[in-house]
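Coordinates in review
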Amino acid sequence: MNFKNITKPAASKIIIVAGLIFIAVFCFAADSGNRPVQKSPVPADINLVKSHLTALTQTPEFRNHKNLDQLNAIADYIKQDFSKYGDSTTFQEYNVDGKIYKNIITSFGTEHQKRIIIGAHYDVCGDQQGADDNATGVTALLELARMLKGQKLNYRIDLVAYTLEEPPYFRTENMGSHIHARYLKDHNIDVYGMASVEMIGYFKDEKDSQSYPLGILSWVYGNKGDFITLVKKFGAGDFVNNFRTQFKEANQIKTETFTAPKFVKGTDFSDHLNYWKFGYSALMITDTSFFRNKNYHETTDTVETLDLPRMTKVIDGIFLSLIHMK
């Protein structure tokens, strides 16, 4: 995820945005109420979560775009694990400056035409481990693959691990998610929607552990970084609204929904932005990145800083949402 170089809007735009966000917050904020906590038929395994996180972060070289051999080793690790569970598992290879980079795709419920994409990027920014950004997202995909095996589904589900989300490729057509989304569009594939799993492992219960792009948001969401966030735009589409409903019904973890106009900076800072470009219904699942986790893009972004019990509950929430999707 890349939140650098955010351009500050004019004062008038800030007022407009603040008003719209304030409305959105009251319309779509957390409302778990007295809902029961759903029991997952195949819960996420915290020991497997830790094992995957370790494998992804404790590597001979950092998994950035310069270390192609390391990226390929991680891609092989993901593909090998996906292959244990998926109906089919493939690389999606493409060329950037004479080098071959790879997305990894595994599919479930392939008897269905309409599909859901759950994606996460496996590269990092610079020379650091990238535990939260974004080994947590890839670990979620690996666990979801295990959990989805043998489940009765109403949609085809493609789990996609992307390369080249981070700078210098962020917001370019060389992003792995752009390659994938464009392929879907070019081949007229029936896509119900997409969810980007982007940093889901950092939580804090202390006061003032959560910040926001606009200070007024703390009036509603509070100042504790103790929730997971579903980020969507206005007019998000059927899939996003359906997924949000199912995720809230699962009630695995404190959840907030942040809805904003499409032009608000911050709503598109992950791989879902490329699915928006091609007209798909898409959202981001996130712990809010550097608005909470000050280890973002730093060498201190390590597994030891993560809250694995709450991270597993996020994975359970995604899984329950998918198997109950109507």
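Sequence order sets the numbering: in each chain, residues are counted from 1 along the sequence as written. Local features in this predicted model are restricted to residues whose pLDDT is 70 or higher, and side-chain atom pairs enter the listing and the counts only when it is 80 or higher, whereas totals over whole chains, interfaces and linings include all residues. Derived side-chain values reflect all non-hydrogen atoms in the structure, with water molecules and hydrogen atoms excluded from consideration.

**Here we look at helix H4 (residues 131–148)**
Secondary structure is summarised from DSSP: a helix means a run of H or I of at least four residues, a strand means a run of E of at least two, and numbering begins at the N terminus for each. In this analysis, the expected span of each helix is defined as 1.5 Å times one less than the number of residues it contains. Counted at 1.5 Å a residue, the expected span for H4 with its 18 residues is 26 Å, and the 24 Å between its end C-alpha atoms agrees. Any residue under 20% of the maximum accessible area for its type is buried, any over 50% is exposed, and the rest in between are partly exposed; the area is computed with a 1.4 Å probe on protein chains only. Summarising burial for H4: 17 of the 18 residues are buried, a large majority. Just downstream of H4 lies Gly 150, where phi reads positive at about 80°.

**Topic: the pattern of salt bridges**
By salt bridge we mean one thing: a side-chain nitrogen of Lys or Arg within 4 Å of a carboxyl oxygen of Asp or Glu. Applying the stated rule across the entire model yields ten salt bridges. With its nearest N and O atoms 3.3 Å apart, the salt bridge here joins Asp 81 to Lys 84. Ionic pairing is found between Arg 146 and Glu 143, a salt bridge with its closest N-O pair at 2.8 Å. In this pair, Arg 146 and Glu 143 are both assigned in helix H4, three residues apart and thus about one turn of the helix distant. Of the residues examined, Glu 143 reaches a relative accessible area of 1% and is grouped as buried. The network of salt bridges with shared partners includes Arg 115, Arg 156 and Asp 158.

**As for the layout of surface pockets**
The pocket and cavity definitions rest on a 1 Å grid over protein atoms only: a 1.4 Å probe that fits but cannot leave marks a cavity, an open set with protein on both sides within 12 Å along at least five of seven lines marks a pocket, and residues lining either have an atom within 4 Å of a point. Grid points are joined across faces, edges and corners, and a volume is the space filled by probe spheres set on the points. Of the voids in this model, the second largest pocket is the one considered here, and its volume is about 160 Å³. Lining the second largest pocket we find 13 residues, and of these Thr 90, Ile 105, Arg 115, Arg 156 and Tyr 183 sit closest to its centre. Counting residues per element, the lining of the second largest pocket draws most heavily on strand S1 (residues 88–96), at four residues.

**Things to note about the pairing of strand S8 (residues 282–286)**
Of all the five residues making up S8, five are buried; the element is thus mostly covered by neighbouring parts of the structure. Both faces of S8 are covered, namely the face carrying Ala 282, Met 284 and Thr 286 and the face carrying Leu 283 and Ile 285. As defined by bridge partners, strand S5 (residues 191–198) adjoins S8 across five bridges and the pair is classed as parallel. Paired with Ser 196 across the two strands is Met 284, which belongs to S8. With three bridges joining them, strand S6 (residues 228–233) and S8 adopt antiparallel strand pairing. At least two DSSP bridges between two strands are required for those strands to pair.

**With respect to unusual backbone geometry**
Cis rather than trans, the peptide bond between Asp 133 and Asn 134 has omega equal to 5°. The step from Pro 167 to Pro 168 runs through a cis peptide bond, and the omega angle for that step is 10°. Mapped onto the elements of the fold, Pro 168 is located in the loop between strand S4 (156–162) and helix H5 (176–186). We note that Thr 288 has phi near 85°; this positive angle belongs to a residue other than glycine. Looking at the secondary structure, you find Thr 288 in the loop between S8 and helix H9 (308–323). For Ser 289, which is not glycine, the phi torsion reads 55° and is therefore positive. You can see Ser 289 is positioned in the loop between S8 and H9.

**Some remarks on the packing of helix H3 (residues 68–83) against H4**
Whenever a helix is involved, its axis is fitted only over the stretch in contact; in every case the axis is a line through C-alpha atoms, and angles between N-to-C directions fall within 0 to 180 degrees. H4 packs onto H3 with a crossing angle of 20° between their chain directions and a minimal axis gap of 9 Å. With respect to H4, the axis of H3 lies roughly parallel. The crossing of H3 and H4 is left-handed. Residue-level inspection shows Tyr 77, Ile 78, Asp 81 and Phe 82 of H3 in contact with H4, the latter providing Val 138, Leu 141, Leu 142 and Ala 145. Three classes are used, and their members are as follows: Ala, Val, Leu, Ile, Met, Phe, Trp, Tyr, Cys and Pro are nonpolar, Asp, Glu, Lys and Arg are charged, and the others, Gly among them, are polar. When the residues that make up the contact of H3 with H4 are grouped by side-chain class, the tally is seven nonpolar, no polar and one charged. Roughly parallel here means an angle under 35 degrees, roughly antiparallel means over 145, roughly perpendicular means 65 to 115, and every remaining angle is called oblique. A crossing counts as left-handed when the near helix is turned anticlockwise from the far one by less than a right angle, and as right-handed when that turn is clockwise. Residue contacts are counted whenever heavy atoms from the two residues lie within 4.5 Å of one another.

**With respect to the side chain of Lys 102**
In this structure, Lys 102 sits in strand S2 (residues 99–108). Neither His nor the chain ends is counted toward charge; the positive residues are Lys and Arg and the negative residues Asp and Glu. Here Lys 102 occupies a buried position and makes no salt bridge, while the nearest side chain of opposite charge, Glu 93, is found at 4.1 Å.

**Structural notes on the sheet that holds S2**
Strand pairing within a sheet occurs via backbone hydrogen bonds; the two strands may be parallel or antiparallel. Overall, mixed pairing links the eight strands, which are arranged S1-S2-S4-S3-S5-S8-S6-S7 in an open sheet. In the strand order of this sheet, the two ends are held by S1 and strand S7 (255–260), each with one partner. Averaged over all neighbouring strand pairs, the angle between strand axes comes to 20°, with direction disregarded. Running over the sheet, H3 touches S1, S2 and S4 and is turned about 15° from S2. Packed on one face of the sheet, H5 meets S1, S2, strand S3 (115–121), S4 and S5 and runs near 110° to S1.

**A word on the nonpolar core**
As used in this record, nonpolar core signifies buried Ala, Val, Leu, Ile, Met, Phe, Trp, Tyr and Cys residues forming a set joined through side-chain atoms within 4.5 Å. Formed by 66 residues in total, the largest nonpolar core has its most connected members in Ile 118, Leu 148 and Leu 159. Considering every element that reaches this core, the biggest residue donor is H4, with ten residues. Filtering out sequence-adjacent residues up to four positions away, Ile 118 remains in contact with Leu 141, Leu 144, Ile 157, Asp 158, Leu 159, Val 160, Ala 195, Val 197 and Leu 322. In terms of nonpolar packing, the next biggest core, distinct from the first, is built from 17 residues, Tyr 212, Leu 217, Tyr 221 and Met 284 among them.

**Here we look at the packing of aromatic side chains**
Between the rings of Phe, Tyr and Trp (Trp by its six-membered ring), a pair exists once the centres lie within 6.5 Å; its type follows the angle of the planes, with under 30 degrees stacked, over 60 edge-to-face, and the other angles tilted. For the structure shown, the criterion picks out eleven aromatic pairs. Taking 4.5 Å as the distance between ring centres and 25° as the angle between the ring planes, the aromatic pair formed by Phe 290 and Phe 291 counts as stacked. With a relative accessible area of 14%, Phe 291 lands in the buried category. Through a chain of ring-to-ring contacts, the aromatic side chains of Tyr 155, Tyr 192, Phe 239, Phe 243 and Phe 247 assemble into a single cluster. The ring of Phe 91 is capped by Lys 79, whose NZ or CZ atom sits 5.4 Å from the centre of that ring. We call a charge positioned above a ring when the Lys NZ or Arg CZ atom is no farther than 6 Å from the ring centre and deviates by at most 35 degrees from the ring normal. The ring of Phe 91 carries Lys 102 above its face, with NZ or CZ at 4.5 Å from the centroid.

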